[in-house]
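Single-letter residue listing:
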Amino acid sequence: MTASTPQVAVIMGSASDWDTMKHACAMLDQFMVPYMKQVISAHRTPELMGEFAHNARANGIKVIIAGAGGAAHLPGMVAAQTTLPVIGVPVQSHALSGWDSLLSIVQMPGGIPVATTAIGKSGATNAGLLAISMLSMTDERLANELQEYRDDLKQKVDESNAKLV
Ligand code: RP5
């Protein structure tokens, strides 16, 4: 494994999920975490999904972020085939505004966990941050930069409060 070996895999059920999942990638870019991104569908490419999940750990991946919408089986089916942590992002669907995605991802039976985020952009952003937080357990640079990120958020609140007077 080299320094540029992807540590995080960002996968999504369709290219139409990219508009949401790009926000997870933006966080990984911001923290300079090497990652890979790929469309892998639980329904349309089940063999590829199995191959990816089975090989992910051996390929150096440490955290998987999986986004899907509608009958969103991808995060759970990937989690079923790897012991790596899987973060599921419910993509906002047209028909049910993402309720279907959320419930499909969050209601995993006991034994196979998927860490589920909020629906849509916030969820994808937080999936990126959660993956970084997991990596920060053994990466001091990331731990320090996460603290700086939080300090910046606090400073923005302080600045907006100063403008209220
Ligand atoms: C899911 O179906 C994908 O994750 C996507 O959110 C949804 C719709 O896919 P497309 O029909 O846009 O390819 O598998």
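Note that the coordinates shown come from a computational prediction; the quantities given were computed from them, not determined experimentally.

All right, on to the UniProt feature "binding site: substrate" (unreviewed entry) in the protein then. The UniProt record annotates "binding site: substrate" (unreviewed entry) at Ser14, Asp17 and Arg44. Position of Ser14 among the secondary structure elements: in the loop between strand 1 (8–12) and helix 1 (18–30). By the C-beta count within 10 Å, which is 18 here, Ser14 ends up partly exposed. Ser14 has contacts with Val39 and Ser41, leaving out every residue within four places of it along the chain. As for its placement among the helices and strands, Asp17 is situated in the loop between strand 1 and helix 1. If we ignore the near neighbours within four places in the chain, the residues touching Asp17 are Met12, Gly67, Ala68, Gly69 and Val91.

Turning our attention to unusual backbone geometry. Backbone geometry places Met32, a non-glycine residue, at a positive phi of 55°. Tracing the sequence through the fold places Met32 in the loop between helix 1 and strand 2 (35–39). The class for Met32 is exposed, based on 9 C-beta atoms found within 10 Å. Positive phi, close to 60°, is recorded for Ser97, a residue that is not glycine. The topology assignment puts Ser97 in the loop between strand 4 (86–91) and helix 4 (99–106).

Do not read the predicted coordinates in detail wherever pLDDT is low. On average, residues of the protein carry a pLDDT of 97, and 100% of them reach 70 or more. The ipTM assigned to the predicted complex is 0.96, against a pTM of 0.96.

What follows covers the packing of helix 1 against helix 5 (residues 121–135). Relative to each other, helix 1 and helix 5 sit at 30°, their axes nearing to 7 Å. Considering the angle they form, helix 1 stands roughly parallel to helix 5. The handedness of the crossing between helix 1 and helix 5 is right-handed. Contacts between helix 1 and helix 5 involve Thr20, Met21, His23, Ala24, Ala26, Met27 and Leu28 from the former and Lys121, Ala124, Thr125, Ala127, Gly128, Leu129 and Ile132 from the latter.

Here we come to the nonpolar core. Membership of the largest hydrophobic core comes to 44 residues, with the highest contact counts inside it found for Val8, Ile11, Ala24, Ile64, Ile65, Leu74 and Val78. Put simply, the parts of the chain that give this core at least two residues each are strand 1, helix 1, helix 2 (46–55), strand 3 (63–69), helix 3 (74–79), strand 4, helix 4 and helix 5. Sort the elements by how many residues they give to this core and helix 5 lands first, with six residues. In contact with Ile11, not counting residues within four places along its chain, are Gln38, Ile40, Phe52, Ile64, Ala66 and Leu74.

How each quantity is defined
- Residues numbered from 1 in each chain as written.
- Predicted model: local features only at pLDDT ≥ 70, side-chain atom pairs only at ≥ 80, totals over all residues.
- UniProt positions renumbered as here; feature names shortened; annotations may be inferred.
- Helix = DSSP H or I, 4+ residues; strand = E, 2+ residues; numbered from the N terminus.
- Buried ≥ 20, exposed ≤ 12 C-beta atoms within 10 Å, placed from the backbone.
- Contact = placed C-beta atoms within 7 Å.
- pLDDT = per-residue confidence, 0-100.
- Axes fitted to C-alpha atoms, helices over the stretch in contact; angles between N-to-C directions.
- Parallel < 35°, antiparallel > 145°, perpendicular 65-115°, else oblique.
- Left-handed = near helix turned anticlockwise from the far one by under 90°.
- Core = buried A, V, L, I, M, F, W, Y, C linked by C-beta atoms within 7 Å.

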